[in-house]
Amino acid sequence: MDKKKALKIVKKDGQSLKDLPHNFKKNKEIVLEAIKKWGGALKYADESFKKDKQFIFKAVKLDGYALKFVSKNLKKNRKIVLEAVKQWGSALEHADKTLKKDKKIVLEAVRQHGGALNYADNTLKKDKKIVIEAVKQAGYALECAHKSLKKDKEVVLLAVKENGFALQDADDSLKKDKEVVLAAVKQTSGALEYADVSLQKDLNILAEALKS
C-alpha cells in the first residue's frame, strides 16, 4: 500500500487508521486527515504525536474530541484546551482539572455545547453568566447548575424557552410560577407534567399546551 491509497482510506473513515501499517500511523499528513474525519483517530496514531504541542494544536482545531487522547501534560495546556472546547464543548471533560476552573475556557465550552457545564468545576456551576450561556445553548443544562441558580427566574426562563423539559430541574417555587410554566409549555406541551399541580388545570396554560 502506498501513501496515496492510505490517504484515500482515512479520508473516507478516520477510524480506519487503526488498521493501517504502523509507518502510516507515523505520517503527519495521514494522521491529520484521519483526525479531520474523526478526532478519536488520534488514539491509533504513533505515540510521538500525542506529546507534540504543535501537532496537537492542529489536531484539536480539526476535532476537539482528539483532546481525550493527548498526553496528560498537554491536557494542562491552556491554548490547546481552549481550542479544543471551541470545536467541541464536551472536550472540557478531558481537560486537566485546573482548567475546568478557568472561566474563559468553561464559557467557550458551554457556548459550543451547553451540556459541557456538567464537566465544569463546581465553583463555576454557581456562576450566573456561565450558566446563562449554557442554558441558552441547551436548556437541559439547568440540571447541572447550582441549586441557587435553579431558583433564579431569569436563568430558568431562558432554560425552558430553549427546552421546556428543563422545568423538571427548576426549583419547586418556579414550578408554581405561571410565566415560567407558560414559557415551558409553549416550547413543549410535555413540560406540563412538571408544573405544580395548582397550574396543571389552569385554562391559559392548558390552551398553550394544546397549541404546542
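Anyway, here's the lowdown on the structure attached to this text. (Residues numbered from 1 in each chain as written. Predicted model: local features only at pLDDT ≥ 70, side-chain atom pairs only at ≥ 80, totals over all residues. Heavy atoms only, no water.)

Quick word on the overall build of the protein chain
(1) Moving on: For the protein chain, the count of helices and strands is 10 helices and zero strands.
(2) Moving on: Secondary structure of the protein chain in N-to-C order comes out as α-α-α-α-α-α-α-α-α-α.
(3) Moving on: Taking the principal axes of its C-alpha atoms as reference, the protein chain extends roughly 70 × 35 × 15 Å.
(4) Moving on: Taking all 212 residues of the protein chain together, the buried fraction comes to 52%.
(5) Moving on: When contacts within the protein chain are restricted to residue pairs at least 6 apart in sequence, long-range pairs at least 24 apart make up 39% of them.
(6) Moving on: When the accessible area of the protein chain is evaluated, it comes to approximately 11000 Å², of which 46% is carbon and sulfur surface.
(7) Moving on: Charge separation in the protein chain, taken as the distance between the mean sites of 47 positive and 30 negative side-chain charges, equals 6 Å. (Helix = DSSP H or I, 4+ residues; strand = E, 2+ residues; numbered from the N terminus. Buried < 20%, exposed > 50% of the residue type's maximum accessible area, 1.4 Å probe, protein only. Contact = heavy atoms within 4.5 Å. Areas by Shrake-Rupley, 256 points an atom, 1.4 Å probe, with all protein chains shown as cover. Lys, Arg positive; Asp, Glu negative; His and termini not counted. Charge placed at Lys NZ, Arg CZ, Asp CG, Glu CD.)

Describing helix α6 (residues 103-112)
Each α-helix turn comprises 3.6 residues. Residues three or four places apart therefore point the same way.
(1) Moving on: By the burial criterion, the buried members of α6 are I105, V106, L107, A109 and V110.
(2) Moving on: Two to three positions downstream of the cap, the backbone nitrogen of K104 sits 3.1 Å from a side-chain oxygen, assigning the N-cap of α6 to D102. (Polar contact = N/O pair within 3.5 Å; in protein donor to acceptor, adjacent residues only side chain to side chain.)

Section: the pattern of salt bridges
(1) Moving on: Scanning the model with the defined rule gives 14 salt bridges in all.
(2) Moving on: Across the pair D127 and K103 runs a salt bridge whose closest N-O atoms are separated by 3.0 Å. In this pair, D127 is assigned in the loop between α6 and α7 (128-137) and K103 in helix α6, connecting sequence segments 24 residues apart.
(3) Moving on: Residue D127 is classed as buried on the basis of its relative accessible area of 16%. (Salt bridge = Lys/Arg side-chain N within 4 Å of Asp/Glu carboxyl O.)

Description of the environment of L42
(1) Moving on: If you trace the backbone, L42 turns up in the loop between α3 (28-37) and α4 (53-62).
(2) Moving on: Note: C-alpha distance between L42 and D52 (10 residues apart in sequence) is 12 Å.
(3) Moving on: Those residues in contact with L42, other than ones at most four positions away along the chain, are I35, K50, F55, I56, A66, F69 and V70.

Notes on the nonpolar core
What tends to happen in soluble globular proteins is that the nonpolar side chains get buried as a cluster.
(1) Moving on: Membership of the largest hydrophobic core comes to 74 residues, with the highest contact counts inside it found for L17, L42, F55, L67, L117 and L142.
(2) Moving on: Residues in contact with L17, not counting those within four places in the same chain, are V10, F24, K25, I30, V31, A34, A41, Y44 and A45. (Core = buried A, V, L, I, M, F, W, Y, C linked by side-chain atoms within 4.5 Å.)

Concerning helix α1 (residues 3-12)
(1) Moving on: Taken together, the buried positions of α1 are occupied by A6, L7 and V10. Down the axis of α1, the smallest arc covering the buried residues is 100°, so these residues share one side. When the buried face of α1 is taken as reference, the exposed residues oriented beyond 90 degrees from it are K4, K8 and K12.
(2) Moving on: Its buried side turned inward, α1 meets α2 (22-25) and α3. (Arc of directions from axis to C-beta.)

Honestly, that's just the spatial picture; any functional story needs more than this.
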